[in-house]
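Observations on the three-dimensional arrangement
Each chain, written out:
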Amino acid sequence: MTDTKAPVQGNGKVGFISLGCPKALVDSERILTQLRMDGYEVVPTYNDADVVVVNTCGFIDAAKQESLDAIGEAISENGRVIVTGCMGVEAERIRETHPGVLAVSGPHAYEEVVGAVHQYVPPVRQHDPFVDLVPPQGVRLTPRHFAYLKISEGCNHRCTFCIIPSMRGDLVSRPVGDVMDEAKRLVDAGVQELLVISQDTSAYGVDVKYRTGFWQGRPLKTKMQSLCEALGELGVWVRLHYVYPYPHVDDIIPLMAEGKILPYLDIPFQHASPKVLKAMKRPAHDSKTLERIRKWREICPELTIRSTFIVGFPGETEEDFQYLLDWLDEAQLDRVGAFTYSPVEGARANDIEGAVPEEVKEERLERFMAHQAKISAARLQRKIGQTIDVLIDEVDEEGAIGRSKADAPEIDGMVYLNGESSLAPGQVVRAMVTEADEHDLWADLVE
Ligand code: SF4
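What you see is a predicted model; the values in this text were computed from it and never measured.

Turning next to the overall build of the protein chain. If you tally the helices and strands in the protein chain, you get 12 helices and 20 strands. Over its C-alpha atoms the protein chain spans a radius of gyration of 23 Å, differing by no more than 12% from the 22 Å that the globule rule assigns to 447 residues. Principal axes of the C-alpha set define a box for the protein chain whose edges measure 65 × 60 × 50 Å. Within the protein chain, the proportion of its 447 residues that are buried is 55%. When the accessible area of the protein chain is evaluated, it comes to approximately 20,000 Å², of which 52% is carbon and sulfur surface.

Encoded structure:
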């Protein structure tokens, strides 16, 4: 029998499986970039790989199971597996289920993962910067015309349903100069849309007391507003995700109104009832959100707000739920995702009394979705007849599919330009909206 743990002198070929959210995807891109710099080749099949890296997700129990299944598949198909990512903090559970894994590390442990690959598959040769072609923007897993820009790791909050801080630690902001350098490299490489991500984008710089950094010889604060201003100068779409409604978010709305960054905010509200928000320990839960939203829209009428919600959180009464539905009527959010509460191992919310029965959770989810669907549909209907910018994502023989400024990739809607097969991904075109349903738009090109 071969010892899978002994180093192999293979061909320096690594298989890679990336699971989880955009933040995990960015981690994968960093690891892959480093591996390429170290002379490894990334291959698409188990058979060709000397070792397989699985970047796992550990957000909810279903994601953990998916991660364990992916590790199991990689072990049976290849046998030599290195595990990293959010589920890596549960190394014991991974090793119990799959004793054959070679190494386990947690989230953003780039050096550790790369070190494990070096240990089990020594590099064939040293990286030669004059010969090896690592693209200056690094290896990316998203299409060429959009890219995620991660501005910090970790989170200072302790929402009771979430175990991310215990996996990723407290907030650590990346130096603003590094973030801007990366953004510039991506734009120079053809990226048309930067998606700013983190666990808590509006907290950027809190950990370093908004320290002044430098970019291209000029001072720049490690702060959301300064970062948005600088990103706005790059001439591409800049979209903000995971923003909490702290008072200073008001300061970036004018940048949206002036067209410097996209008029789009992804704010995971999770609930509206003050009692439930308090039990969830949500950031900025006591801010007068409806009033704020009204003011934001006065300043920037084009503003699109996307959010996610949890229904059936422990202790949520019918009254709390009704409060949420009424709140939705007032807030008139554009895009909304919702989940039923599911207990996550290690989360404090599991100890909160008043668990909501499964069938009540499901019934509330259905009512919630039906309620919001009408709001989203009505808001999209209002776009019919408007001329909008569309960033093209895909083109086939039937036409082009793109997104408007109101649509983030993967989570929001599409704009269909039927018959426009001569467009190219990454192009931004003007189009007039002719039709809408509750998710998507159809539009015709405008000369
Ligand atoms: S803000 Fe709350 S939900 Fe988001 S990562 Fe931090 S603790 Fe988790």
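Time to look at the side chain of H271. Tracing the backbone through its elements, the reader meets H271 in the loop between β13 (264-266) and α9 (274-280). Under the relative-accessibility criterion, H271 is labelled buried at 1%. Sequence-distant contacts of H271, that is, excluding residues within four places in its chain, are made with V276, L277, M280, F309, I310, E316, D320 and L324.

Around the ligand sit C155, H157, C159, F161, C162, I164, P165, Q199, Y244 and R282, and that is every residue in its neighbourhood. Of the pockets mapped on this structure, the ligand occupies the largest pocket.

So, on to the side chain of R297. With respect to the helices and strands, the residue R297 is situated in helix α10 (residues 289-299). At 2.8 Å, the side chain of R297 and the backbone oxygen of A331 are in polar contact. A distance of 3.4 Å separates the side chain of R297 from the side chain of D334, its partner in a polar contact. For R297, the residues in contact, after removing those within four places along its chain, are L303, I305, A331, Q332, L333, D334 and R379.

An order of β16-β17-β18-β20-β19 is seen for the five strands of this closed barrel, with the pairing classed as mixed. Adjacent strand axes in the sheet meet at a mean angle of 50°, parallel and antiparallel pairs treated alike.

Let us now look at the environment of F309. One can find F309 in strand β14 (residues 304-311). With 32 residues separating them in the primary sequence, F309 and Y341 have C-alpha atoms 9.3 Å apart. Leaving out residues up to four positions away in the same chain, F309 has contacts with F269, Q270, H271, L324, W327, L328, L333, V336, G337, A338, F339 and F368.

For the rest of this paragraph, the subject is a negative patch on the surface. A cluster of like negative charges, contributed by E66, D69, E73 and E77, occupies part of the molecular surface. Among the secondary structure elements, E73 is positioned in helix α2 (residues 61-77).

Further remarks concern unusual backbone geometry. Positive phi values are uncommon outside glycine, yet Y210 reaches one of about 55°. Tracing the sequence through the fold places Y210 in the loop between β9 (193-197) and β10 (212-215). Located in the positive-phi region is K281, a residue other than glycine, with phi close to 55°. Relative to the helices and strands, K281 resides in the loop between α9 and α10. Judged by its relative accessible area of 46%, K281 is partly exposed.

On to the environment of V51. Within the secondary structure layout, V51 lies in strand β3 (residues 51-56). In this structure V51 comes out as buried when scored by relative accessible area, which is 0%. If we ignore the near neighbours within four places in the chain, the residues touching V51 are K13, V14, G15, N78, R80, I82, L102, V117 and V121.

Once that is clear, we can look at empty space enclosed by the protein. Enumeration over the complete set of coordinates arrives at one cavity of 30 Å³ or more. By volume, the largest cavity amounts to about 70 Å³. Forming the walls of the largest cavity are T304, D334, R335, S376, R379, L380, K383, A406 and D407. Its residues assigned to classes, the lining of the largest cavity comprises two nonpolar, two polar and five charged.

Rules and cut-offs
Residues numbered from 1 in each chain as written. Predicted model: local features only at pLDDT ≥ 70, side-chain atom pairs only at ≥ 80, totals over all residues. Heavy atoms only, no water. Helix = DSSP H or I, 4+ residues; strand = E, 2+ residues; numbered from the N terminus. Rg over C-alpha atoms; globule rule 2.2 N^0.38 Å. Buried < 20%, exposed > 50% of the residue type's maximum accessible area, 1.4 Å probe, protein only. Areas by Shrake-Rupley, 256 points an atom, 1.4 Å probe, with all protein chains shown as cover. Contact = heavy atoms within 4.5 Å. Near = heavy atom within 4 Å. 1 Å grid on protein atoms, 1.4 Å probe; cavity = no way out; pocket = protein on both sides within 12 Å on 5 of 7 lines; lining within 4 Å. Sits in = over half its atoms within 2 Å of the grid points. Polar contact = N/O pair within 3.5 Å; in protein donor to acceptor, adjacent residues only side chain to side chain. Pairing = 2+ DSSP bridges. Axes fitted to C-alpha atoms, helices over the stretch in contact; angles between N-to-C directions. Patch = residues over 30% accessible without salt bridge, like charges linked within 9 Å, V, L, I, M, F, W, Y side chains within 5 Å. Salt bridge = Lys/Arg side-chain N within 4 Å of Asp/Glu carboxyl O. Lys, Arg positive; Asp, Glu negative; His and termini not counted. Charge placed at Lys NZ, Arg CZ, Asp CG, Glu CD. Points joined across faces, edges and corners; volume = space filled by probe spheres on them. Nonpolar A, V, L, I, M, F, W, Y, C, P; charged D, E, K, R; others polar.

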